[in-house]
Every structure is written in C-alpha cells, then in structure tokens.
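Listed below are the residues making up each chain.
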Amino acid sequence: ICSTCQGVMTQANHRLQSDPTYRAHINKTYLAEEGLEYSGALEVKHLLWVLMEDYGADNLKAKLTRQLNGLKVAPFYGCYLRRPSDLMAPKGLGGRKTYLEDLISLVGAEVVDFGGKSKCCGFPILTANEDNSMRMVSDHTGEAKDKGAHCMVTPCPLCHLNLDGNQPTAEKKAKKPIGLPILHLPQLVGLALGFDEREMELQRHIVPTDAVTRNIK
C-alpha cells in the first residue's frame, strides 16, 4: 500500500533478477546463514496495480455500493510509482501511468489534474531542508485546491503523512490558508465500497475531511 516501498523494492528486485552473480552473492553472504535463498521469482506489486490489473476494474466496479458523485479529487502519485518508467510502467503496462485517475473516475468522482501529481511530496528532505519540504507541500496542495479539488488522494502513506500532517506548517510558511484534505488510496476505495467515514478513520486526519463527505452527492 506504499508507493515508496514499491519503488525501492522493485528496483532492488530488478537488480537481483537481472544480475545472477549479484543474486548469488546476496544468497551466499547474507541469506544462507538464515537458511534462506531468493530465486528472483517474486513480483512486487502496489495495491493500485493489483486492483486495476489482477482484480480488475470491472470486478471492482461491481462491488461499489456508493458512487462518489460530486467529489472532485486531485491525484498525487509522488516520486516512485511512475518512475523509472521502464520498471514501473514497462511495455504492455503503460496504463499504470493513469491508474490513479482511472480509479478516481471509476468510483464516480471527478479528476482534477494538476502539474505536481508526479513530483516529490517533500517528505524525503523534511529533516534536511524543512523550508523546501514545506514549500513543496504548499505548492502541491495549493495548486490542486486552486484548480477546484475538494481533496487529494495518494497511493503512498509517506506522501499522506507529509501532505496532511504538515500542511498546517506549510500554510504558515506560505502565509496562506489551504485546507485540502488528503486521502490515502484505500480510504477512497473504502468509501466507494460502502464503509463509512469513521471506519475509514477520516476523523483522525490533521486537515479536516468535512469537504469530502459534504461534496459527495
């Protein structure tokens, strides 16, 4: 459920699968003493990919009990889920570049496109350069809000942590209010599957999520 983990694990897995000498070194030096061995046969998949490729959009749509009509949602992929493209969206899987928008539309919400959707949320540099991290938060959330989004959805909990948890600090540094609710991907899907707002823990967010429920018709 984390696109940052997805990116790191996919790149590590690619090296292990494509370099037998390196894989043998890892097996012999680090895994053998634990009685373990990695053959390179696993595939790392994000929840978003599983929903759209393995379970399937048609099957998911059939399970929806509530269309999120009226809700305007900005997609935020973050750093890792679409790059490097040869690993994250290889030939034959180019649709991964728009899965988040596709899923937003599938649950009945309106996609609000904006320029920062595939940029960094700022979390990786938070402790090294807080000012730039907060500027990234205010830039992304502010742009989406200005374009009419009621909320933003991200497939990465680290992006959620920074964009939601640090949005009040980003507002102060930018000297402007934003107040854009940030949903983690399973929350958006859960609402469309019929779970209520408390079951999806929307009350635990830092930025109030009233705009989400208020705008669903």
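Residues numbered from 1 in each chain as written. Predicted model: local features only at pLDDT ≥ 70, side-chain atom pairs only at ≥ 80, totals over all residues. Heavy atoms only, no water.

Student: Any details on the nonpolar core? Residues and values, ideally.
Tutor: Ranked by internal contacts, the top residues of the largest apolar core, which has 31 residues, are Leu48, Leu68, Leu71, Val73, Leu103, Val107 and Leu188. Apart from residues lying up to four places away in sequence, Leu48 is in contact with Leu81, Tyr99, Leu100, Leu103 and Leu185. Counting 18 residues, the second-largest nonpolar core is a separate cluster that includes Phe76, Cys121, Cys159 and Leu180. (Core = buried A, V, L, I, M, F, W, Y, C linked by side-chain atoms within 4.5 Å. Buried < 20%, exposed > 50% of the residue type's maximum accessible area, 1.4 Å probe, protein only. Contact = heavy atoms within 4.5 Å.)

Student: Describe the pattern of salt bridges, naming the residues involved and giving the relevant values.
Tutor: According to the stated counting rule, one finds 10 salt bridges in the structure shown. Between Lys173 and Asp131 there is a salt bridge; the shortest N-O distance is 2.9 Å. Of the two residues, Lys173 is situated in helix H8 (residues 167-174) and Asp131 in helix H6 (residues 130-146); the sequence distance between them amounts to 42 residues. Judged by its relative accessible area of 40%, Lys173 falls in the partly exposed class. The residue Glu201 makes a salt bridge to Arg204 at a minimum N-O spacing of 4.0 Å. For Glu201, a relative accessible area of 35% translates into the label partly exposed. (Salt bridge = Lys/Arg side-chain N within 4 Å of Asp/Glu carboxyl O. Helix = DSSP H or I, 4+ residues; strand = E, 2+ residues; numbered from the N terminus.)

Student: An account of the packing of aromatic side chains is requested, with residue identities and associated values reported.
Tutor: Here a ring pair, both rings aromatic, is described through the centre-centre distance and the interplanar angle of the planes. If you walk through the whole model with that rule in mind, you get 1 aromatic pair. Between the NZ or CZ atom of Arg15 and the centre of the ring of Tyr22, over which it lies, the distance is 3.6 Å. In this arrangement the basic side chain of Arg96 is found over the ring face of Trp49, its NZ or CZ atom lying 3.6 Å from the centre. (Phe/Tyr/Trp six-rings, centres within 6.5 Å; stacked < 30°, edge-to-face > 60°. Lys NZ or Arg CZ within 6 Å of the ring centre and 35° of its normal.)

Student: Which residues make up the packing of H6 against H8, and what are the values?
Tutor: The interhelical angle for the contact between H6 and H8, taken along N-to-C directions, is 95 degrees, at an axis separation of 8 Å. Considering their axes alone, H6 and H8 lie roughly perpendicular with respect to each other. Of H8, the residues touching H6 (which contributes Glu130, Asp131, Met134, Val137, Ser138 and Thr141) are Gln167, Thr169, Ala170, Lys173 and Ala174. Residues that form the contact of H6 with H8 fall into these classes: 4 nonpolar, 4 polar and 3 charged. (Axes fitted to C-alpha atoms, helices over the stretch in contact; angles between N-to-C directions. Parallel < 35°, antiparallel > 145°, perpendicular 65-115°, else oblique. Nonpolar A, V, L, I, M, F, W, Y, C, P; charged D, E, K, R; others polar.)

The analysis is restricted to geometry; functional conclusions fall outside its scope.
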